[in-house]
Amino acid sequence: MRLPIIAGNWKMNNSISESIKLIEEIKNHVLDKGVEAVVCAPYTSLNEVKKALEGTDIRLGAQNMHWEESGAYTGEISPAMLKEIGVDYCIVGHSERRQYFNESDDTVNRKVRTALKYGIKPILCVGETLEEREAGEEEKVVKKQVLKALEDVKKDDIADVVIAYEPIWAIGTGKTASSDDANNMCNFIRNIIGNKYDEAAKERIRIQYGGSVKPNTIKELMAKEDVDGALVGGASLIAEDFVSLINY
Ligand code: PGA
């Protein structure tokens with residue numbers, strides 16, 4: 001059985017004080033222990049959020065990292081820095097980073113490998129644009145992204161990777177993929193893992209859907225066989241919504 005994973009991606013929202021306030025609100029609720037909850041806070045809040053999460057089962061995630069351990073990379077944050085804070089997860093290759101910050105399949109691959117080296121679990125984001133979907137190319141695009149991102153990732157490490165299928169046209173738009181479309185792509189990705197690694201890897205890897213997931217859509221989504229969780233932007237900023245996603 002795969003442990004469901006619901007991760008909140010706060011993006012460039014929440015100052016330190018706002019972050020703590022949100023965590024305190026979430027802590028007022030009882031969370032389902034059968035679901036792994038993760039909050040991916042901005043760098044500046046990570047340390048304080050880590051402290052605020054003490055005594056809870058909620059995991060901490062970052063939204064990005066550099067692939068080098070240290071060096072002359074002005075403005076960047078290394079995996080070692082994140083590890084020292086106690087970060088468990090790191091989003092890698094989010095479409096906003098690919099789109100606005102020129103992240104390529106190659107840099108995404110380097111980040112995945114470095115994250116694993118440091119014991120940080122990558123939440124690897126893949127997904128097609130609207131044009132690609134309309135051209136019927138979504139599987140081709142996603143397959144390339146997945147295989148390139150996992151180049152030289154060893155079989156022993158693959159169970160620590162979470163893949164988030166996020167069709168770009170569904171992110172922050174209020175448009176969501178149907179639960180069937182989401183499930184079909186998650187199944188497609190699972191088969192790619194099966195072909196690249198083996199049956200055990202295929203069964204173990206967790207695959208999320210992301211893109212305008214809301215409390216009223218989560219239940220149907222999570223009922224699907226190949227959807228193991230959700231990566232959530234907007235709804236993760238509201239304590240009640242995030243809690244109801246976890247307690248779906
Ligand atoms: P959204 O964002 O839930 O606001 O669509 C999802 C994401 O970008 O991970």
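Refer to the structure above for everything that follows.
Residues numbered from 1 in each chain as written. Predicted model: local features only at pLDDT ≥ 70, side-chain atom pairs only at ≥ 80, totals over all residues. Heavy atoms only, no water.

### Points about the environment of Lys-51
Position of Lys-51 relative to the elements: it lies in helix H2 (residues 43-52). You can call Lys-51 partly exposed: its relative accessible area is 45%. C-alpha of Lys-51 to C-alpha of Ile-85: the two residues are 34 residues apart in sequence and 9.5 Å apart in space. (Helix = DSSP H or I, 4+ residues; strand = E, 2+ residues; numbered from the N terminus. Buried < 20%, exposed > 50% of the residue type's maximum accessible area, 1.4 Å probe, protein only.)

### Observations regarding the packing of aromatic side chains
On inspection of all chains with the given rule, the structure shows one aromatic pair. Note that Arg-97 overlies the ring of Phe-101, its terminal NZ or CZ placed 4.4 Å from the centroid. (Phe/Tyr/Trp six-rings, centres within 6.5 Å; stacked < 30°, edge-to-face > 60°. Lys NZ or Arg CZ within 6 Å of the ring centre and 35° of its normal.)

### Some thoughts on the packing of helix H7 (residues 138-149) against helix H8 (residues 179-196)
Taken N-terminus to C-terminus, the directions of H7 and H8 make an angle of 45°; their axes are 10 Å apart at the nearest point. One way to sum up the angle between H7 and H8 is to call them oblique. Of the two possible hands of crossing, H7 and H8 adopt the one that is right-handed. Here H7 contributes Glu-138, Glu-139, Val-142, Lys-143, Val-146 and Leu-147 to the contact with H8, which in turn contributes Met-185, Phe-188, Ile-189, Ile-192, Ile-193 and Lys-196. Of the residues in the contact of H7 with H8, the class split is eight nonpolar, no polar and four charged. (Axes fitted to C-alpha atoms, helices over the stretch in contact; angles between N-to-C directions. Parallel < 35°, antiparallel > 145°, perpendicular 65-115°, else oblique. Left-handed = near helix turned anticlockwise from the far one by under 90°. Contact = heavy atoms within 4.5 Å. Nonpolar A, V, L, I, M, F, W, Y, C, P; charged D, E, K, R; others polar.)

### What to know about the sheet that holds strand E1 (residues 5-9)
The strand order around the closed barrel formed by eight strands is E1-E2-E3-E4-E5-E6-E7-E8, and the pairing between neighbours is parallel. The mean angle between the axes of side-by-side strands here comes to 25°, regardless of whether they run parallel or antiparallel. Bridge count for strand E5 (residues 121-126) against strand E6 (residues 162-165) is four bridges, and the pairing is parallel. Residue pairing for E6: Leu-124 is matched across the bridge by Ile-163. Packed on one face of the sheet, helix H11 (residues 239-246) meets E1, strand E2 (36-40) and strand E8 (229-232) and runs near 160° to E1. (Pairing = 2+ DSSP bridges.)

### Quick notes on empty space enclosed by the protein
The full count for this structure, using the stated rule, is one cavity of 30 Å³ or more. For the largest cavity, the calculated volume is near 30 Å³. Of all elements in the fold, only helix H4 (95-100) and E5 reach the threshold of two or more residues within the lining of the largest cavity. Looking at the lining of the largest cavity residue by residue, the classes come out as three nonpolar, four polar and two charged. (1 Å grid on protein atoms, 1.4 Å probe; cavity = no way out; pocket = protein on both sides within 12 Å on 5 of 7 lines; lining within 4 Å. Points joined across faces, edges and corners; volume = space filled by probe spheres on them.)

### Some thoughts on the site of the ligand
Taken together, the neighbourhood of the ligand is formed by 13 residues, with Lys-11, His-94, Glu-166, Gly-172 and Ser-212 sitting nearest. Separating an oxygen atom of the ligand from a side-chain N or O atom of Glu-166 is a distance of 2.7 Å. Burial of the ligand by the protein chains amounts to 97% of its free accessible area of 280 Å². Looking at the shell around the ligand, its residues break down into four nonpolar, seven polar and two charged. (Near = heavy atom within 4 Å. Polar contact = N/O pair within 3.5 Å; in protein donor to acceptor, adjacent residues only side chain to side chain. Areas by Shrake-Rupley, 256 points an atom, 1.4 Å probe, with all protein chains shown as cover.)

### As for the layout of surface pockets
Empty pockets left among the atoms are what a rolling probe the size of a water molecule brings to light. As a volume, the largest pocket reaches approximately 420 Å³. Surrounding the largest pocket, 14 residues form its lining, Lys-11, Met-12, Gln-63, Arg-97 and Phe-101 being those nearest its centre. Looking at the lining of the largest pocket residue by residue, the class counts come to six nonpolar, five polar and three charged. Residue lining of the second largest pocket: 16 residues in total, with Leu-31, Lys-33, Thr-56, Asp-57 and Ile-58 positioned closest to the centre. In the lining of the second largest pocket, the residues fall into seven nonpolar, three polar and six charged.

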